[in-house]
Amino acid sequence: MRANRRFYDIEPIAEENALLREQLAEARAEAAKYKGIAEPDASYFRNGGGYTLEHDLAIAECVTKARVSRNQVPRLFIIFGRFYRIKLPTHVQRVPHKKVAGKMTYVERTLLYVGGKTHVKEVCAVLNQAHKLQVGVQLLESPNDSYCYISDGAESLQTDYLAQLLSHRDASGKLQTIALDLSTLHGKSSEAQCAAFRESMRAVAEICRDLNVTTAVEPMLLNFTPSSSMNDRAAPARKAARLVRGVAEGEDDPTCAHHGIVNIFEGGRKEIDKVLKAAMNITEEQSAADAAKIKNMRTHVGWFSSPSCSLIYQTVKYTALFSSKGYAVGSKFRQWILTQLAAQEGDIPGDQLLGSVEDLLAICGSRDYVFFMNAAVTERFSQDGSLLTFLEEEDTMGAEAGGKLRKSILLGFRSDYIMAAVRAMALICDSALWELLRAIGSDTHILDILPVMWPETLAFFEAAAAAPSKVVDGSLTLSLSVAREAKVTPRATRAAIDIARIREKAAGDTIIEKMLSSAFTAMAEGTRNHASEFLPGGNFCSEKITDELRQRLSGMPTTSTSAERTFALGRDHDQRAGACRDDTRSGAILGAMDNTHEFMRGREKGEEEWRMLRRLARRGMKETMAEKRIAAGRVAATERNAKLEGHRAKQAAKKKELARLEAIPLATRYSELKGMVGDELVDQLRKHKLLGKKGFTVTQPNREAYFLQLQTLLLEADPAANDLEDGDSGITGRGIRKKSAGGGGKRKKKKKGVIYYMDYEWTQEEEDDFEVSAIVGKVRFLPPLLMPPPPLTPSPALTHCLPPVRVHAGGCRWQGDVCEPGQGQGGHRPLPRRVEGLPARPRLVRAGGQPRRGLSQGVRGARRGGGGSRRGVGA
């Protein structure tokens, strides 16, 4: 067309040139745009004296969301720059090289405009300040919302932390939770926690003032008071919540439903253990009859009082595919079971489960997860062809890996009692636990869930305790009107197969029914304790719900597990970063919880605010961790010194008391005690304690008890300690009257109904009420007796019970150390010989303080208790 144009056809060419110029400009602009991406300008990374907001937010996102170690973040810029063929800007800078002749030399190096490791740590500290701004902005935007205060404390790397959160409902009615602070706690008292809350709110108010969000320190932020609180049932936590809310003692809000479920089911588990240990003849002192079983079941686990829970724990540990504790031996079993199932494909019924190792939950979380939720899968692995067969094969081959653990699991699988307890826990989990967890897992208003859930749960526990067989056959299960519908997943399908198998095995098993009945009875009692505020008559029961109460608790979740999630993120951070500053640690954790990088990216003046936040963070980072530790140590030193002064004062007083006791002469004869009173008797017992005597207390109920205890100690030390005259106990008692000293003359006529013994007398009525108070002294029997004696029940009136004497029916008698047979029909049995130096028979002292008459006839039982005479006590 151009060749056909005339020389005067200029206008069409001009229009075409203009169009081409526009297209060229667009192409150049697009080329510049892509060049700016491929070769970004230095101003995109640095702006003035610091890095830009986009640069720092990219670092923050790597740390908080990608969970990259802070030391490795700078390398990511290089890796992805190379991958996307981006040329990162550089600059030349003189950096220290090495010392020559004592002087530092410098070299020029080409460095990237990318923050280094130190800058990444600074970004985390800035993120901590930005999070305070985020909290302040949210509170200012919703001043009329009802906020719930959630808190919990935990320790990490030997440092106590306090996690504080606030929850409320947004405009859509959805429950939203924002972290308030994660601070170090220098005291575990309720007052210290309240002070930490006020300090956190002060920091939020000052940040908003410094960044011109408010013109001054906003009183609404500084004096912010939550309308409600959620925490566990610990007394310090509940008191701290009251102090934060500014209410009086007794005005407690509901506590965490998940903690309640855990404690209630733990009570049921303990009752199962009681039935199990009684069936296995296990006592708290570890019965000698089952010593081998107890050793195998208790040595290698963390729970020493429950063989069934030990079995579940060990099974989870042995089949673990991965564990933060460093063991993962379950891969061998998984490989073995997959091979076996593949070889038997088509031969195994569809309703029979043997594998699926992944169904066992990891060893972490609450106690109900570890035991109840893993009980059914543990029972699955106890079948032939599953873990039981694998362990038997390993045991046959003598494999070294997991040997002790393997033997312990095999012992548990082969115990009918232990497996009965495992099945009982699986039935409880299926009938109630899953339903409860589904109910508390929603963000529905707490007053629409718990006042309905807990009374229905209590009614179920009581019905299940009365009819455990219905729990076994599945006709009685907990069905809550407020629970969410269960999801149908492959794991849920396998769980249904497990519980059907367990119900079949448990049918008619009386010990399982006994375990269930005991467990549900305890769980009902636990519900009355841990959920009392939601039961009829409680402060938050259905009958007491008002519109005002619903508004006040509108921001309250059903659990306080969000605070525990904070510590879970903290542990994950500490595994990557190790020990670090508390401000950088808080910034990384809180920024991850609340997406602080997104909040700053959406701020209208984000770049300017970020620079101001950086200055505030640098101001705080001028104080080194050593200085912070010293400041915290000074606060702790005050409490520590107060405790030390108290202990040192006690030690000094004890040392002074020991010196005083050492100067007191120790009585060695009964007669020396007769003139002592009150404190002198106490000092004598303390002196014996100082000399290492055991088995008695220094404090005694009365003077008589002091004398009896001291006489016993003296007699143990020296068999000749009793230097009193015959009939003199050394104690003046009540009810026994000593006759006045008589001279010559006529003999006094004995009164009717009065008993006379030596220089003492008492009435027949007093004789009927006679009770032996103590037996002073010990009798030892040598040599050991060859024939077992009939059981002898000691009188309840005795405070020291002697071992029974085996008296031969044939009337054997002693002459020296030789036993001569008698003429009875029972044949010969050896009698105990008397130990040289000990009294022939113990002295029996009655409650009145005087010796009992007729010692040769033995000890007469208490008339009130219905006991008769006891022959054969004495030597």
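Look up a bit, the structure's there.
Thresholds, definitions, all that
- Residues numbered from 1 in each chain as written.
- Predicted model: local features only at pLDDT ≥ 70, side-chain atom pairs only at ≥ 80, totals over all residues.
- Heavy atoms only, no water.
- Helix = DSSP H or I, 4+ residues; strand = E, 2+ residues; numbered from the N terminus.
- Polar contact = N/O pair within 3.5 Å; in protein donor to acceptor, adjacent residues only side chain to side chain.
- Contact = heavy atoms within 4.5 Å.
- Buried < 20%, exposed > 50% of the residue type's maximum accessible area, 1.4 Å probe, protein only.
- Pairing = 2+ DSSP bridges.
- Axes fitted to C-alpha atoms, helices over the stretch in contact; angles between N-to-C directions.
- Phe/Tyr/Trp six-rings, centres within 6.5 Å; stacked < 30°, edge-to-face > 60°.
- Core = buried A, V, L, I, M, F, W, Y, C linked by side-chain atoms within 4.5 Å.
- Parallel < 35°, antiparallel > 145°, perpendicular 65-115°, else oblique.
- Nonpolar A, V, L, I, M, F, W, Y, C, P; charged D, E, K, R; others polar.
- Expected span 1.5 Å × (residues − 1).
- Arc of directions from axis to C-beta.

On to the side chain of Arg614. With respect to the element layout, Arg614 can be found in helix α25 (residues 606–621). Within the structure, Arg614 has its side chain in polar contact with the backbone oxygen of Tyr51 (distance 2.7 Å). Setting aside chain neighbours within four positions, we find Arg614 in contact with Gly50, Tyr51, Asp56, Glu122 and Val126.

The next thing to look at is the environment of Lys693. Here Lys693 lies in the loop between α28 (678–690) and α29 (703–717). Taking relative accessible area as the criterion, Lys693 reaches 29% and is therefore assigned partly exposed. Each C-alpha atom of the pair Lys693 and Leu713 lies 8.4 Å from the other, and the pair is 20 residues apart in sequence.

This part is about the side chain of Arg494. The topology assignment puts Arg494 in helix α19 (residues 490–506). Here Arg494 is in contact with Leu353, Ser356, Glu358, Asp359 and Arg380, once residues within four sequence places are set aside.

Spatial strand order, β7-β6-β5-β8: 4 strands in an open sheet with mixed pairing. On the outer flanks of this sheet lie β7 (175–184) and β8 (228–230), each paired with one strand and no other. Taking the axes of each pair of neighbouring strands and ignoring which way they run, one obtains an average angle of 25° across the sheet. Bridging between strand β6 (residues 159–169) and β7 involves 9 bridges; their strand directions are antiparallel.

Scanning all chains against the criterion turns up 14 aromatic pairs. A ring pair is formed by Phe83 and Tyr84, whose centres lie 4.8 Å apart and whose planes are at 85°; its orientation type is edge-to-face. Side by side, Phe83 and Tyr84 carry an identical accessibility label, which is exposed. Judged by centre distance (5.1 Å) and plane angle (70°), the rings of Tyr149 and Phe197 are edge-to-face. Taken together, the residues span a long stretch of sequence, with Tyr149 in strand β5 (residues 148–156) and Phe197 in helix α5 (residues 190–210) at a distance of 48 residues.

Further remarks concern the nonpolar core. Counting residues in hydrophobic clusters, the biggest one holds 102 residues, and the most contacted among them are Phe265 and Phe520. Contacts of Phe520, omitting those with residues within four sequence positions, involve Ile428, Ser431, Phe460, Phe461, Ala464, Ala465 and Val471. Membership of the second largest hydrophobic core comes to 33 residues, among which are Val63, Val123, Ala130 and Ala617.

Further remarks concern unusual backbone geometry. In this model, Asn212 sits at a positive phi of 65°, which is unusual for a non-glycine residue. Considering the arrangement of structural elements, one finds Asn212 in the loop between α5 and α6 (219–222). Here the phi dihedral of Asn595 falls at roughly 50°; this positive angle occurs in a residue that is not glycine. Mapped onto the secondary structure, Asn595 falls in the loop between α23 (582–594) and α24 (596–601).

The subject of this paragraph is the packing of helix α2 (residues 53–64) against helix α4 (residues 117–141). Relative to each other, α2 and α4 sit at 85°, their axes nearing to 10 Å. With respect to α4, the element α2 is oriented roughly perpendicular. Side by side, α2 and α4 meet where His55, Asp56, Ile59, Ala60, Val63 and Thr64 of the first sit next to His119, Val120, Val123, Cys124 and Leu127 of the second. Across the contact of α2 with α4, the residue classes tally to 7 nonpolar, 3 polar and 1 charged.

What follows concerns the environment of Gln129. Within the element layout of this structure, Gln129 appears in helix α4. Separated by 491 residues in the primary sequence, Gln129 and Gly620 have C-alpha atoms spaced 10.0 Å apart. The contacts of Gln129, once residues within four sequence positions are left out, are Ile207, Leu613, Leu616 and Ala617.

Attention now goes to α4. Taking 1.5 Å as the rise per residue, α4 with 25 residues should run 36 Å; its terminal C-alpha atoms sit 36 Å apart, in good agreement. Buried residues dominate α4, accounting for 19 of its 25 residues.

Compared with the 20 Å implied by 1.5 Å per residue over 14 residues, the 20 Å span of helix α11 (residues 330–343) between its first and last C-alpha is a close match. Among the residues of α11, Gly330, Phe333, Trp336 and Ile337 are the ones counted as buried. Down the axis of α11, the sector holding all buried residues measures 125°, keeping them to one side. What points out from α11, more than 90 degrees from its buried face, is the exposed set Lys332, Gln335, Leu338, Ala342 and Ala343. Looking at the buried side of α11, the elements it contacts are α10 (307–318), α13 (372–381) and α14 (387–397).

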